[in-house]
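Remarks on the overall topology
Below, each chain spelled out in residue letters.
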Amino acid sequence: MQETLLRPIVYSLQFRGRITSLSSRVLEQRASAPSQVLTTTVDANGLAGRVHPGEGEEALLVSRLVLSDDGSFDQSGTVEFAPGHVLAFRSVGSARLGRSPDPHLRHGAAVWEVEGGEGQFRGAQGRITSNFFVSDTDELTDNHFGLIFVAHAAATDATDARTRAPLRRLSVRETWAQFRRSGGLKDLLAECALWTAPWTGYPPYQDPDCAEEFALCASVWRDLPYYNDSGGGDTHQAKRSTKWSIDERREQ
């Protein structure tokens with residue numbers, strides 16, 4: 001395989017936006033960061049840092065966090081630095097979201113693995129740290145520090161780096177392991193239990209998180225045919241047929 005010359009880009013950006021709860025375990029981040037300059041000062045007064053506007057366009061962040069009961073989370077998403085130049089990432093290692101010394105803020109941190117992207121970031125590799133906080137009104141401030149290896153034609157001046165490895169994709173086993181850790185499997189099973197409850201008569205699992213998921217699913221499924229008892233004759237006939245099949249299997 002032909003060697004590909006890569007060079008690193010180092011950057012720092014502060015994104016501001018909002019975080020939205022899609023369910024009890026899934027959060028969505030949407031934020032933007034204008035071109036900017038981070039000034040860090042160390043003097044007799046100690047440490048100080050300020051972010052100043054810079055010349056250029058803005059970057060757009062979109063990501064999803066899948067939370068676990070212990071406060072850890074899995075995250076994946078994209079950062080669009082310019083039209084046609086999009087970086088893709090996923091979290092690696094321990095990522096956590098929890099309380100902070102400020103009672104009005106939740107503090108989170110994660111390390112992202114760059115998984116290539118489009119335009120300048122096609123075949124890119126590297127790591128980005130995300131250190132963020134969320135207010136009690138769901139306002140997001142996310143501070144990024146990145147070291148990204150891209151094709152040398154698009155990179156800044158830096159020491160050369162070489163790679164022979166193509167962009168690595170997760171195997172089925174790794175994807176399944178992430179799915180189990182994220183709690184998504186529990187959500188899927190909870191929704192399946194809700195779907196079957198109207199026909200089987202089995203009570204759904206009474207965990208508070210599952211109950212919340214049940215209510216969300218029910219609000220969607222009530223708009224579909226063969227769900228409500230108040231439906232027409234076809235609805236009752238379908239339910240009677242299904243109930244008869246279940247009872248027959250039990251007797252056998």
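One structure accompanies this document, and this report is about it. (Residues numbered from 1 in each chain as written. Predicted model: local features only at pLDDT ≥ 70, side-chain atom pairs only at ≥ 80, totals over all residues. Heavy atoms only, no water.)

All right, on to the pattern of salt bridges then. Taken as a whole and assessed by the stated rule, the structure comprises four salt bridges. When the shortest N-O distance is used, the salt bridge between Glu 28 and Arg 64 registers 3.7 Å. One end of the pair, Glu 28, is in strand 2 (residues 26-43); the other, Arg 64, is in strand 3 (residues 46-67), and 36 residues separate them in sequence. According to the relative accessible area criterion, Glu 28 is buried, its value standing at 13%. The salt bridge involving Glu 113 is made with Arg 127; its shortest N-O contact spans 2.4 Å. (Salt bridge = Lys/Arg side-chain N within 4 Å of Asp/Glu carboxyl O. Helix = DSSP H or I, 4+ residues; strand = E, 2+ residues; numbered from the N terminus. Buried < 20%, exposed > 50% of the residue type's maximum accessible area, 1.4 Å probe, protein only.)

Attention now moves to a nonpolar patch on the surface. Side chains of Val 10, Phe 145 and Leu 147 sit close together on the surface and give an oily, nonpolar patch of about 280 Å² of accessible area. For Val 10, a relative accessible area of 53% puts it in the exposed group. (Patch = residues over 30% accessible without salt bridge, like charges linked within 9 Å, V, L, I, M, F, W, Y side chains within 5 Å. Areas by Shrake-Rupley, 256 points an atom, 1.4 Å probe, with all protein chains shown as cover.)

We now examine the pairing of strand 4 (residues 73-82). Sheet analysis places strand 3 next to strand 4, joined by eight bridges and oriented antiparallel. Paired with Val 66 across the bridge in strand 4 is Asp 74. Joining the antiparallel neighbours strand 3 and strand 4 is a turn of five residues, in which Gly 71 adopts a positive phi near 95 degrees. Across six bridges, strand 4 lies against strand 5 (residues 85-99) in antiparallel orientation. (Pairing = 2+ DSSP bridges.)

Turning next to the environment of Gly 84. Relative to the assigned elements, Gly 84 resides in the loop between strand 4 and strand 5. Residues Gly 84 and Gly 117, 33 residues apart in the sequence, show an inter-C-alpha distance of 9.5 Å. If we ignore the near neighbours within four places in the chain, the residues touching Gly 84 are Glu 118 and Gly 119. (Contact = heavy atoms within 4.5 Å.)

Further remarks concern the environment of Asp 69. Turning to its location among the elements, Asp 69 is positioned in the loop between strand 3 and strand 4. Judged by its relative accessible area of 62%, Asp 69 falls in the exposed class. Each C-alpha atom, one on Asp 69 and one on Arg 25, is 8.6 Å from the other, the two residues being 44 residues apart in sequence.

Here the distance between the centres and the angle between the planes together describe a pair of aromatic rings. According to the stated counting rule, one finds four aromatic pairs in the structure shown. Residues Tyr 11 and Phe 81 carry aromatic rings whose centres are separated by 5.6 Å and whose planes lie at 80 degrees to one another, so their mutual orientation is edge-to-face. With Tyr 11 in strand 1 (residues 4-21) and Phe 81 in strand 4, the pair connects residues that are 70 residues apart, well separated along the chain. The class for Tyr 11 is buried, based on a relative accessible area of 12%. (Phe/Tyr/Trp six-rings, centres within 6.5 Å; stacked < 30°, edge-to-face > 60°.)

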